[in-house]
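# Residue-level structure breakdown
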Amino acid sequence: MTSRPSFDLITAELNATLALVPDAAVSAAIDLLRAAPRVFVAGEGRSGMVMRMLAVRLMHLDLPVFVAGETITPGVAAGDVLVACSGSGATAVTCLFAESAAKIGARVVALTARADSRLATCASLVVDIPAPHKGNAREAGSRQYGASLFEQAALILCDAMVLELQQARGASHDELWRRHANLE
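Residues numbered from 1 in each chain as written. Predicted model: local features only at pLDDT ≥ 70, side-chain atom pairs only at ≥ 80, totals over all residues. Heavy atoms only, no water.

Moving on, we get to the nonpolar core. Residues V83, L111 and V127 are the most contacted members of the largest nonpolar core, which totals 41 residues. Of all the secondary-structure elements, those providing two or more residues to this core are α2 (23-35), β1 (39-43), α3 (45-60), β2 (65-67), β3 (81-85), β4 (107-112), β5 (125-128) and α6 (148-169). Aside from chain neighbours lying at most four places away, what touches V83 is L33, V39, F40, V41, A42, M51, L54, V109 and L111. Judged by nonpolar contacts, the second largest core, of 14 residues, contains C95, V108, A110 and C122. (Core = buried A, V, L, I, M, F, W, Y, C linked by side-chain atoms within 4.5 Å. Buried < 20%, exposed > 50% of the residue type's maximum accessible area, 1.4 Å probe, protein only. Helix = DSSP H or I, 4+ residues; strand = E, 2+ residues; numbered from the N terminus. Contact = heavy atoms within 4.5 Å.)

Written out as structure tokens, the structure reads:
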């Protein structure tokens, strides 16, 4: 048994999904990250893991970045940016973080498969990732389990934004590597 058919299925679904992510929204998200005094990320479950990966990559770019809910995370302020990721757009903790940040005056970037969700309603910018998610009418579009396609697409999207930021800053791989964890 070979896994090639599964690789092909996953990459085909990813390519089809990412082709539908609005370029203007991605560019606007990059601009917000570029101008932010500080960046915060929020997400639960596997979306939270994607946000933590984004935080690490932004730290490598020498951006001040924090994970919402961690004990050493400072308070968010007006002008800061919170990137909140929830496929359903209804994850309670993620939505509470986003609503609190918006009330304080931070800009909220919502990565979601539900542009009509609770998370989207409090966001300054919605990046619609049109991937199947529980409760989403698009659900029948993927052969992968659960929200796997959404999470994969969110990770690739975040990596693409970081690559754009890296190129815009003229940061070399060596520069980024110097900020890599060394207490391993």
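Read on, since the account is not over.
On to the sheet that holds β4, then. With parallel pairing, the five strands of this open sheet are ordered in space as β2-β1-β3-β4-β5. Both outer strands of the open sheet, β2 and β5, are each paired with one neighbouring strand and no more. Each strand of the sheet is rotated relative to its neighbour by a mean of 20°, with strand direction disregarded. The sheet strands contacting α6 are β3, β4 and β5, and the helix crosses β4 at an angle near 135°. (Pairing = 2+ DSSP bridges. Axes fitted to C-alpha atoms, helices over the stretch in contact; angles between N-to-C directions.)

Further remarks concern the pairing of β1. Regular strands have side chains that alternate between both faces of the sheet. Counting buried positions along β1 gives five out of five residues, so the element sits mostly inside the fold. Burial along β1 is two-sided: the residues V39, V41 and G43 and F40 and A42 are all buried. Bridge analysis of β1 against β2 gives three bridges, and the strand direction is parallel. The partner of V41 across the bridge, within β2, is V67. Both β1 and β3 contribute to a ladder of five bridges, which runs parallel.

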